[in-house]
Every structure is written in C-alpha cells, then in structure tokens.
Amino acid sequence: MNKPTYLSLLVAATLSSAAIAQEQAGYVIQTESGFDIMPGFDVKLKHDDNIANTNADEESSTIAVYSPTIAARLLDGVNEYNLQAGVSKGQYFSSSIDNYLDVYAGADAKWEFTDSHRVFVEASFAEGHDERGTGVFDANGATQLEPTEHRTLGINGYFEFGARTTPARIRLGGGYTQKDYQNLEAVTQFREFNKANASAAFYYDTGAFTSLVAQVTRDDIRYDKIDPVGGNRDNIDTRYLVGMDWQATALTSGEFRIGYQKKSFDSAGREDFSGISWQAAVNWQPLSYSTVTFETGRKARDPDLRGDVIKESAHGLGWEHNWSEDLETNLVAGYVRSDYQGYDQQDKYWRYEAKASYRISYLWKLEGGVEISDRTSTDDRFEFDKTVFYVGVGINL
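Residues numbered from 1 in each chain as written. Predicted model: local features only at pLDDT ≥ 70, side-chain atom pairs only at ≥ 80, totals over all residues. Heavy atoms only, no water.

Novice: Describe the pattern of salt bridges, listing the residues and the values that go with them.
Specialist: Using the criterion set out here, one finds 29 salt bridges in the structure. Asp 308 is paired through a salt bridge with Arg 270; the nearest N and O atoms lie 2.9 Å apart. Of this pair, Asp 308 sits in the loop between strand S15 (290-301) and strand S16 (309-322) while Arg 270 sits in the loop between strand S13 (252-265) and strand S14 (273-287), and the two are 38 residues apart along the sequence. Look at Arg 270 and you get buried, because its relative accessible area is 9%. In this structure, a network of salt bridges that share partners links the residues Glu 112, Arg 118, Glu 160, Arg 164, Arg 169, Arg 171 and Asp 205. (Salt bridge = Lys/Arg side-chain N within 4 Å of Asp/Glu carboxyl O. Helix = DSSP H or I, 4+ residues; strand = E, 2+ residues; numbered from the N terminus. Buried < 20%, exposed > 50% of the residue type's maximum accessible area, 1.4 Å probe, protein only.)

Laid out in structure tokens, this is it:
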C-alpha cells in the first residue's frame, strides 16, 4: 500500500496558506483565512484472540494502532466547507502478515444560493483492508496469505428545491462509487465494481416538527469481470420508500422509512429479489447527559462470495452516558441476521461493546473497552467468536 504522502501534503498546504492565530478556541486552531483546523491523534493497544476469524485453531495477537487525523472547516455565511484526512496503522506483534496501513481523505460542501435552492456535494477516497477471514475470504482466514487491500472512490450530492418556511421540498440526488482491490487478484478481481446511483425525494412538513417523506433510489451496479464460477453479478437495485422524520421534543428525534425493494440481475441464471425494506433510527435523551439510540433496518445486498442476494436484517441499541465532565461510558449491542438467496445458508451475528473514556487534561483522554463478536451459521465453516480488549490515549477533540 502506498505511503500516505498526500496527508502530509494536505497538512502542509493548509498550514502554510494561513497564519495560525495565537489564540485557540477550545481544541480548534483558528486561522486568518477563516478555516478552523482540528488535529487529532489516537494510539490504541489491543488484544485480539481470533485475528483470522476462524472456528478452530484460533490465532491471537496484541496489536498497536496509530491513528493521526486532521479536519478543517470553513463557515462562509450560510455556506459550509469541510475537509478530513486520516491514517490508521496497525502493527501485529505476533503476526506481521496482518499489519496494515489505511488512509482516508474526504471533503464536502454545502451551498445555499437562495431561500429555495440548496446544494450539497461530498467526495471521498479510502485505502482500506479487510481482516483475514472476512469479506471475499469469508471463513478462509486460516489459509489466506494476507488481509485484502482495497481502494474506494466516491462522489455524491443532491439539489434541494423549496424554502424552509414552506411545507413542501423536493430533493434530487446522485453519485458514483468505485471499488478496486489491490492484492490477491485470483479471487478479488471478480469483486471489483462501480455503482451509479440516483434518487428523488419529496418532503412535506406537517408543522408538528414532523416531515412526511416519499423517496425513490436506484443503484446501477456493474462488476469489472464476470466470475467464472458464479456468473454475471451485474444488477439494478431499486427501492421505493415512504416514512417520516421527526423532532418530537428536544429529547426525542428519529426517522423511519418502509417500502419495497427490487434487485434485477442481468443474468437469467440469477434469481431476482423483491420484498419489504425498511430503515429506522430513534434518539432518546431522557437527561441532558444521557442518550439512548435504537436503529433497525432490512434490505437485500450483494454477497461477498456465494449466493445471489443476502437478505439482511440488522438491529442495534446504544447508550451513551456522561457521568461527569471528564468521564463518559458507551454500551452497544447489535444483531444481524443474513439469509442467503441462491445458496442454502443463514447466519446470525451478535456484537457487543463496552467502552469508557476519561479526560485526563485539557487535550488528552484515556479510553478502554471490550468488543465481543459471535457468529453462528447453518454451515459450520462460517462460525466463529472473538473478543478484543483495548486501551488507548488520544487528543480529546
């Protein structure tokens, strides 16, 4: 994987273009150009008892992860501009083949030309990895030579018409995503794809802090090469959804969508999918320092390996609580059920995380936690469980 020279170039270009003010507001570096610069750095020490995600002969390792980041923001009246970049380097003490270097860079902009015309655009670039035994090498971590490395490019945006003082608004969106793998080409070359998406949504505000929504999304997914085993995977994914967004009180907010999804394959050898799809998220803040979050969803997606479609239902519950100005805890529980269409398999995946962070000074914080994962399957080869403990220190942004 290439060295992240573009991150250092971004930092140098940003700092050299503006004189940094002597005063710092909080953890934000204010510049004369108007950009607020927010640097960050995090170091974690982990212990993973199943680094290859296998169901037998598990390998364990201690891992050091270094994650510097930088973000910049410019507010220009009602317009807003954001830049983000970061690196995550993982070093495995007992398995050097699992070492990785991930890179991310992104930017977004919001323009409000008039009371009735708004535009939002975002772009991102990422060089990432999948742990052994996951993704396109699901259940093959013991024989996988190294983690898969991939590069993803994306650009998305929308145009919105309708004054905020009127009840009705229309939003038209579109975007493009491209994913390429950088190694293990014998398998990964058949999973490289590009996706063009388009969407249209109609919002109607009822006046009671609630917006009714009707939307249509269409993804045109094209794979670079035809899999000689599974055949052509090209398909069009369309969803028709209705629902609402609400801010019932200062303590409760959320969104809900439900509707119909259809995936149509170009190949007659693959079975099309049609069925109910939904997504919902609710935030409840019973106290100013405590927030409970619930998320649920159901959709069909392309599988990494076998089958035509994975029908996936996911549910998650989280609780964030600030015990004091310095001490914060987070509890998360998640469940995903995956039913394979075109292959006789069903997976159930549970994940739990408990984390605490403590601010030790104006800039620095300590954190520690545990992540527990457990996957069961009708095919024993795909079952595994793992536990990850970690402690870390970082700039408290």
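Novice: Lay out the environment of Thr 165 with the relevant residues and their values.
Specialist: Relative to the helices and strands, Thr 165 is located in the loop between strand S8 (148-161) and strand S9 (168-181). Each C-alpha atom, one on Thr 165 and one on Tyr 358, is 43 Å from the other, the two residues being 193 residues apart in sequence.

Novice: Give a detailed account of unusual backbone geometry, specifying residues and quantitative values.
Specialist: As a rule of thumb, non-glycine residues mostly have phi less than zero, and peptide bonds are mostly trans rather than cis. With a phi angle near 55°, Asn 53 is a residue other than glycine that sits in the positive phi range. Looking at the secondary structure, you find Asn 53 in the loop between strand S3 (35-48) and strand S4 (61-76). Accessibility expressed as a relative area gives 5% for Asn 53, which makes it buried. Phi at Leu 184 is positive, roughly 50°, even though this residue is not glycine. Structurally, Leu 184 can be placed in the loop between S9 and helix H2 (185-188). The class of Leu 184 is buried, set by a relative accessible area of 17%.

Novice: Which residues make up the packing of aromatic side chains, and what values do they have?
Specialist: Inspection of every chain in the model, using the stated rule, returns 7 aromatic pairs. Of the aromatic side chains, those joined through ring pairs into one cluster are Tyr 335, Trp 350 and Tyr 352. Its end group placed over the ring of Tyr 223, Arg 233 keeps NZ or CZ at 4.9 Å from the ring centre. Of note, Arg 306 hangs over the ring of Tyr 343, and the distance from its end group to the ring centre comes to 5.7 Å. (Phe/Tyr/Trp six-rings, centres within 6.5 Å; stacked < 30°, edge-to-face > 60°. Lys NZ or Arg CZ within 6 Å of the ring centre and 35° of its normal.)

Novice: How would you summarise the pairing of strand S11 (residues 210-223) if you had to cite specific residues and measurements?
Specialist: Strand direction decides the pairing type here: strand S10 (residues 193-205) and S11, joined by 13 bridges, are antiparallel. For Ala 200, the partnering residue across the bridge sits in S11 and is Val 216. Two successive antiparallel strands, S10 and S11, enclose a turn made up of 4 residues, where Gly 207 displays a positive phi of approximately 95°. Examined bridge by bridge, S11 and strand S12 (residues 235-246) share 12 bridges and lie antiparallel to one another. Counterpart to Asp 220 in the pairing with S12 is Ile 236. (Pairing = 2+ DSSP bridges.)

Novice: Outline the environment of Arg 351, listing residues and values.
Specialist: Along the chain, the position of Arg 351 falls in strand S18 (residues 346-359). For the pair Arg 351 and Trp 246, spaced 105 residues apart in sequence, the C-alpha to C-alpha distance is 29 Å. Arg 351 has contacts with Val 332, Ala 333, Gly 334, Glu 371, Ile 372 and Ser 373, leaving out every residue within four places of it along the chain. A polar side-chain atom of Arg 351 sits 3.0 Å from a polar atom in the side chain of Glu 353. (Contact = heavy atoms within 4.5 Å. Polar contact = N/O pair within 3.5 Å; in protein donor to acceptor, adjacent residues only side chain to side chain.)

Novice: Summarise the environment of Gln 178; cite the residues concerned and give the values.
Specialist: Relative to the elements of secondary structure, Gln 178 occurs in strand S9. On the basis of relative accessibility, which here comes to 26%, the residue Gln 178 falls in the partly exposed class. Remark: the alpha-carbon pair of Gln 178 and Lys 195, spanning 17 residues in sequence, is separated by 6.4 Å. Gln 178 has contacts with Arg 151, Thr 152, Leu 153, Phe 193 and Asn 194, leaving out every residue within four places of it along the chain.

Novice: Describe a nonpolar patch on the surface, with residues and values.
Specialist: Together, Phe 159, Phe 161, Ile 170, Leu 172, Phe 202, Tyr 204, Leu 212, Val 242, Met 244, Phe 256, Ile 258 and Ile 276 make up an exposed nonpolar region whose accessible area comes to about 1000 Å². Summarising the element assignment, Ile 276 is placed in strand S14. (Patch = residues over 30% accessible without salt bridge, like charges linked within 9 Å, V, L, I, M, F, W, Y side chains within 5 Å. Areas by Shrake-Rupley, 256 points an atom, 1.4 Å probe, with all protein chains shown as cover.)

Novice: Give a description of the pairing of strand S20 (residues 384-395) that names residues and reports values.
Specialist: For a regular strand, side-chain orientation follows a simple rule: the groups alternate between the two sheet faces. Where S3 lies against S20, 7 bridges are found, and the strand directions are antiparallel. Bridge pairing in S20 places Asp 48 opposite Val 388. Of the strand pairs in this sheet, strand S19 (residues 364-377) and S20 are connected by 12 bridges, and their pairing is antiparallel. Looking at the pairing, Lys 365 lines up with Gly 394 of S20. Between S19 and the antiparallel strand that follows it, S20, lie 6 residues.

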